[in-house]
Amino acid sequence: MSIRISKAPFGATAAGEAVTAWTMENDGGMTVRVLDYGGVIQSLTVPGRDGRPVDVALGYDDIAGYEAGTCCHGALVGRFAGRIGGAAYSIGGRTYTFSKNDGENHLHGTFERRLFDASVEDGSLVLRLVSPDGEGGHPGTLRLTAAYTLTEDNALVLDYRAVTDADTHINITNHNYYNLSGHAAGDVLAHRLRIDADAVLELDAGSIPTGRLYPVEGTAFDFRTEKAIGADIGDDNALLRACDGYDHSYVLPRRSSCDGPCGELYSPDTGVTLTFGTTQPAMHLYTGNFLETDAAPYGKGGVRYPQYGGLALESQHFPDSPNKPDFPSTLLRPGEEYRETTFYRFGVR
C-alpha cells in the first residue's frame, strides 16, 4: 500500500491570496483534502458498509464559504482553542486581553483564517505558521508546525508542535464536524458514541469551567457505554440545557502517546466507525447546536446544515486553563516544545 499526495488550486481569498488544496489518498479507499487556508479539512471520504465512498466532513465548496462562515468547519484553531473567561489572562503580573467574540469571553482565536505554508515531508502534509507577538492579543512569537498524516489503515493522525520566544498560552485543536452518514445526511442524533471518561468539566452560565469536575454517572453525559447521541440530548439537565445540547469537555486519562483509543463514533446508517485517541487531557464534544445559525449556511453541494447536522470531537486542553491554576497547564515557555497528537481511525461494522 502507498500514500499519494497531490495538490490543486482552490481559488483565492478576498485579499487575493492563492489557496491550495492538498489531497492525500491511500489504497484503503480513504481520501482527505486539506486546505492551506486555516489548515481546513475540506473533505474526508471513507468507504461505507456497502463499499461506496462517504464524505463524512461538513464544509464548503469554495474559499468564500470558509471566509464568511462562523462555525470553524474543519479548521485548525488557536492560539487557544476553547473559551478564555473574561477574554483575558495574566502572565507574570501582566494582563493580556482578547476580543470578546463569545459573550464576555474569547473563543478559539485567529488561526482558522490564516494561510499556512504547506509542504510534503516524509509522507505527511506539513503546515507551518508564524504567529507574531501580539497576534490576537497573545504574547510572544509562536512558531507552529502541524503534520497531517494519512495511514494505510485509514487513520488520520494530527501532530502539533510549537515553540515560542516569550511565555504564552497555547491550545490547538481540529474543529472538523463529522457526520458518518454523509455530510448532507441530516442530523447525527442516531449516531452512537462511546467516550471513556468519568467526568466532564462543570460550566457556569457563560460556558466557562467552574474548576469542578461533574461526574457523568447517572446523567445525560454518560457515554461510557455506547449510546445514541439523541438518547438524552433533550434531558432536563441544567448543564445540558444551557448549551442546547452537548458542548462539554470530557476529562480523559493523560497519556504520553496515542497508544490506544479513548472512544468511538458509529453510524448505523452507513456502518462507518470512527475511533479516536489523543495525548490531550480532554475531548470536547460539540453536537453542532448552532450550525443552522452559521453566517454562511449553505455547505458543500448547496446543502443547508441543520442543528445537530455534525458532531465535533475536539481534542484539547481544558477551556480557560490560563485562569485555572489547578488545570493542566497550557503555558509554553522559551526553550520548551509544545507537542500533542490525536488520531481518528475509520472502519466499518
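Residues numbered from 1 in each chain as written. Predicted model: local features only at pLDDT ≥ 70, side-chain atom pairs only at ≥ 80, totals over all residues. Heavy atoms only, no water.

**Q** Describe in detail the layout of surface pockets, supporting the description with residues and values.
**A** Gaps between atoms show up when a probe of the same size as a water molecule is rolled over them. Empty space within the largest pocket amounts to approximately 650 Å³. Lining the largest pocket are 34 residues, with R83, D102, L107, H108 and Y286 positioned closest to its centre. Those elements giving two or more residues to the lining of the largest pocket turn out to be strand 7 (79–84), strand 10 (106–109), strand 22 (247–251), strand 25 (282–286) and strand 26 (311–316). Its residues placed into classes, the lining of the largest pocket shows 11 nonpolar, 15 polar and 8 charged. Its volume calculated, the second largest pocket comes out at about 160 Å³. Taken together, I170, H317, S329, T330, L331, L332, E336, E337, Y338, R339 and E340 make up the full set of residues lining the second largest pocket. (1 Å grid on protein atoms, 1.4 Å probe; cavity = no way out; pocket = protein on both sides within 12 Å on 5 of 7 lines; lining within 4 Å. Points joined across faces, edges and corners; volume = space filled by probe spheres on them. Helix = DSSP H or I, 4+ residues; strand = E, 2+ residues; numbered from the N terminus. Nonpolar A, V, L, I, M, F, W, Y, C, P; charged D, E, K, R; others polar.)

**Q** Which residues make up the sheet that holds strand 28 (residues 338–348), and what are the values?
**A** The strand order across the open sheet built from 9 strands is 11-12-13-14-28-24-23-18-21, with neighbouring strands paired in antiparallel fashion. In the strand order of this sheet, the two ends are held by strand 11 (117–121) and strand 21 (227–228), each with one partner. (Pairing = 2+ DSSP bridges.)

**Q** Quick rundown of the sheet that holds strand 5 (residues 53–55)? Include the residues and the values.
**A** The 5 strands are arranged 1-2-3-4-5 in an open sheet whose pairing can be described as antiparallel. Here the strands that pair on one side only, and so sit at the sheet edges, are strand 1 (4–12) and strand 5. Ignoring strand direction, the axes of neighbouring strands in this sheet form an average angle of 20°. Alignment of strand 4 (residues 41–47) against strand 5, held across 3 bridges, turns out to be antiparallel. Looking at strand 5, one finds that T45 is bridged to D55. (Axes fitted to C-alpha atoms, helices over the stretch in contact; angles between N-to-C directions.)

**Q** Can you tell me about the pairing of strand 11, naming the residues and giving the values?
**A** For strand 11 and strand 12 (residues 124–131), the ladder comprises 5 bridges, and the chain directions are antiparallel. Directly across from S119, in strand 12, lies its bridge partner V126. What sits between strand 11 and strand 12 in their antiparallel hairpin is a turn of 2 residues, with D122 showing a positive phi close to 50°.

**Q** Any chance you could break down the pattern of salt bridges for me, citing the residues and the numbers?
**A** The tally for this structure, following the rule as stated, stands at 23 salt bridges. The shortest N-O distance in the salt bridge between R83 and D102 comes to 2.8 Å. Of the two residues, R83 sits in strand 7 while D102 sits in the loop between strand 9 (94–97) and strand 10, which places them 19 residues apart along the sequence. Residues R128 and E121 are paired through a salt bridge, measuring 2.6 Å at the closest nitrogen-oxygen approach. Take R128: its relative accessible area is 36%, and that puts it in the partly exposed class. Each of D159, R161, E337 and R339 takes part in a single network of salt bridges with overlapping partners. (Salt bridge = Lys/Arg side-chain N within 4 Å of Asp/Glu carboxyl O. Buried < 20%, exposed > 50% of the residue type's maximum accessible area, 1.4 Å probe, protein only.)

**Q** Pulling in residues and values, what's your account of the environment of C71?
**A** The residue C71 is located in the loop between helix 1 (63–68) and strand 6 (76–77) in this model. Put simply, C71 and H175 are 104 residues apart on the chain and 8.6 Å apart in space, counted from C-alpha to C-alpha. Beyond its immediate chain neighbours, meaning those up to four positions away, C71 contacts H175, Y177, F290, L291 and D294. (Contact = heavy atoms within 4.5 Å.)

**Q** An account of the nonpolar core is requested, with residue identities and associated values reported.
**A** By size, the foremost hydrophobic cluster in this structure holds 62 residues, and its most contacted members are L44, Y148, Y250 and F346. What Y148 contacts, discounting residues up to four positions off in sequence, is M24, V34, G39, I41, L76, S124, L125, L127, L156, V157 and L158. Counting 14 residues, the second largest nonpolar core, distinct from the first, contains V19, A21, V77 and A81. (Core = buried A, V, L, I, M, F, W, Y, C linked by side-chain atoms within 4.5 Å.)

**Q** How would you explain the packing of aromatic side chains if you had to name every residue and give the values?
**A** Two aromatic rings are characterised by how far apart their centres lie and by the angle between their planes. Here the structure, examined in full by the defined rule, presents 11 aromatic pairs. When the centroid spacing of 5.0 Å and the interplanar angle of 90° are considered together, the rings of Y60 and Y66 count as edge-to-face. For the pair shown, Y60 and Y66 are each scored as buried. With centroids separated by 5.7 Å and ring planes inclined at 75°, the aromatic side chains of Y214 and F221 adopt a geometry described as edge-to-face. With a relative accessible area of 22%, Y214 lands in the partly exposed category. Overall, the relative accessible area of 0% leaves F221 in the buried class. Each member of the aromatic cluster is reached from another via a ring pair, and the members are Y214, F221, F223, Y246 and Y250. We note R304 situated over the ring of Y298; from NZ or CZ to the ring centre the distance is 5.2 Å. When the ring centre of F343 is taken as origin, the NZ or CZ atom of R345, which lies over that ring, is 4.9 Å away. (Phe/Tyr/Trp six-rings, centres within 6.5 Å; stacked < 30°, edge-to-face > 60°. Lys NZ or Arg CZ within 6 Å of the ring centre and 35° of its normal.)

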